[in-house]
Amino acid sequence: MLDVIGLTSAEEELYRCLLQLTTARIDELASRLHRPREQVVAQVEALRGKGLVQRSDNDPDAPLRPTAPDVALGGTLLRRQEDLESARRLVTQLAEEYRSGLRRHHVDHLVEVITGARVLRDRLRDLQNSARTEVLWFCRANPLAMAGPENVEEFDALARGVSYRAIYERDLLLEPGALADLAKGVAAGEQARVLDRLPVRLAIVDARTAICPLVPDRDGGEPSAAVIGRSQLLDALLALFESHWRVATRLRLDDPLAVTAPEARRPEPADQPGDGYQPDADEARLLSLFVAGVPDKSIASQLGVSRRTVQRRIADLMAAAGVDTRPGLAFQVARRGWL
């Protein structure tokens, strides 16, 4: 396995033998490995050159000692990782130049049609693995190709600095485990918002490639989708996403909820909107789900409290906002900038 960083299998075996012995001479290593002495000498010199073996003095027959492999090989491993990352970026760049050339000369390459859930899922994964700056999602209920928990590529992309903005349909949040899965993405850095309905399913990567299904969900059969390159059609899809992002409700799922006792901090009733009261992290998280239209039962499940506790906290917040209806509370949340 270590041949990828320049260590042969024979050198690795010799080094492991020296690790077991902690110290040994050339003759002892040759005897244990059943190798000619001259071969062991050459391999030891190779390991010394890589910083994995040291002698106590300059005597060729002096005892040998192993050095820490992470110190000796860490720099080489890091350079290989950097080389692989540079190669990945170059391949992505060349692939984009290839597609751009096709689009300039062949209009039919502006849109590629793919069919089948597996093909669609693989393309979504490939695009996320190649993402460099930002991924945009329209996430509708009842996913066609890839459910949220299957999208492990998002976490890898977030870890390397790619931004994620996702808008979820409200019905999707009501599916079992959906809120918990969404909370993991938000905790990793995803920006999440919610709307009643989304016009289409959509993924856009780096403002250069979009994937959009071609037929309505109700038509059934194998899903088909259009892979759209840089064009006015892609510009229109970007504008569609941004217009929905501006009006979508932000979801606050990144702050862990501390289950508070009944005598803990409670909002004070307010006489006017400008009283300066600001919800704490727990209340902001509850309000984000409330304003998004998530039912009390689902909110309770997400926050790990009872439905009655959710209803009591909403009533307390209504009192703080000086209103006696839930629509009034939603209005005051927006007016006061509580989210």
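Just so it is clear, the structure is predicted and the values come from calculations on it, not from any experiment. (Residues numbered from 1 in each chain as written. Predicted model: local features only at pLDDT ≥ 70, side-chain atom pairs only at ≥ 80, totals over all residues. Heavy atoms only, no water.)

## A closer look at the packing of helix 1 (residues 9-21) against helix 2 (residues 26-33)
Argument step 1. Contact geometry for helix 1 and helix 2: axes closest at 11 Å, N-to-C directions at 115°. For the element pair helix 1 / helix 2, the angle class is roughly perpendicular. When you trace helix 1 past helix 2, the crossing you get is right-handed. Between helix 1 and helix 2, the residues in contact are Glu13, Leu14, Cys17, Leu18 and Leu21 and Glu28, Leu29, Arg32 and Leu33, respectively. (Axes fitted to C-alpha atoms, helices over the stretch in contact; angles between N-to-C directions. Helix = DSSP H or I, 4+ residues; strand = E, 2+ residues; numbered from the N terminus. Parallel < 35°, antiparallel > 145°, perpendicular 65-115°, else oblique. Left-handed = near helix turned anticlockwise from the far one by under 90°. Contact = heavy atoms within 4.5 Å.)

## Remarks on helix 8 (residues 178-188)
Since the α-helix turns once every 3.6 residues, residues separated by three or four places project in the same direction.
Argument step 1. When we look at burial in helix 8, the residues that qualify are Ala178, Leu179, Leu182, Ala183, Gly185 and Val186. Each buried residue of helix 8 sits inside an arc of 160° when the element is viewed along its axis, so together they form one side. More than 90 degrees from the buried face of helix 8, the exposed residues found are Lys184 and Ala187.
Argument step 2. Of the surrounding elements, those touching the buried residues of helix 8 are helix 6 (153-159), strand 5 (163-169), helix 7 (170-173), strand 6 (191-195), helix 10 (281-291) and helix 11 (296-303).
Argument step 3. Looking one or two places after helix 8, you find Gly189, whose phi comes out positive at around 125°. (Buried < 20%, exposed > 50% of the residue type's maximum accessible area, 1.4 Å probe, protein only. Arc of directions from axis to C-beta.)

## Observations regarding helix 13 (residues 326-336)
Argument step 1. Within helix 13, the full set of buried residues consists of Gly328, Leu329, Gln332, Val333 and Arg336. The arc that holds the buried residues of helix 13, viewed along the axis, is 140°, so those residues lie on one side. Residues of helix 13 that are exposed and point more than 90 degrees away from the buried face comprise Pro327, Phe331, Ala334 and Arg335.
Argument step 2. Along its buried surface, helix 13 packs onto helix 10 and helix 12 (307-321).
Argument step 3. Just beyond helix 13, the residue with positive phi is Gly337, at close to 70°.

## Remarks on the packing of aromatic side chains
Argument step 1. Per the stated rule, a full pass over the model turns up two aromatic pairs.
Argument step 2. Here Phe241 and Trp245 contribute two aromatic rings whose centre-to-centre distance is 5.9 Å and whose plane-to-plane angle is 20°, an arrangement assigned as stacked. With a gap of four residues between them, Phe241 and Trp245 both fall in helix 9 (residues 232-247), about one helical turn apart. Just as Phe241 is buried, Trp245 falls in that class too. (Phe/Tyr/Trp six-rings, centres within 6.5 Å; stacked < 30°, edge-to-face > 60°.)

## Brief notes about the nonpolar core
Soluble globular proteins tend to pack their nonpolar side chains together in the buried interior.
Argument step 1. Counting 51 residues, the largest nonpolar core has Trp137, Tyr168, Leu173, Leu251, Ile299, Leu329 and Trp338 as the members making the most contacts within it.
Argument step 2. It is helix 12 that contributes the most residues to this core, six residues altogether.
Argument step 3. When near neighbours in sequence (up to four residues on either side) are disregarded, Trp338 contacts Tyr277, Gln278, Pro279, Leu287, Leu317, Ala320, Ala321, Leu329 and Val333. (Core = buried A, V, L, I, M, F, W, Y, C linked by side-chain atoms within 4.5 Å.)

## What about the pattern of salt bridges?
Argument step 1. By the definition in use, this model includes 18 salt bridges.
Argument step 2. Here Arg35 and Glu13 are joined by a salt bridge, their closest N and O atoms 2.7 Å apart. Of this pair, Arg35 sits in the loop between helix 2 and helix 3 (37-49) while Glu13 is found in helix 1, placing the two residues 22 residues apart along the sequence.
Argument step 3. What makes Arg35 buried here is its relative accessible area of 13%.
Argument step 4. With relative accessibility at 42%, the residue Glu13 sits in the partly exposed group.
Argument step 5. Sharing partners across several salt bridges, the network here consists of Glu45, Arg48 and Arg55. (Salt bridge = Lys/Arg side-chain N within 4 Å of Asp/Glu carboxyl O.)

## Details of the environment of Gly177
Argument step 1. Relative to the assigned elements, Gly177 resides in the loop between helix 7 and helix 8.
Argument step 2. Gly177 sits in the exposed class, given a relative accessible area of 51%.
Argument step 3. When the C-alpha positions of Gly177 and Ser298 are compared, they lie 9.8 Å apart, and in sequence the two are 121 residues distant.

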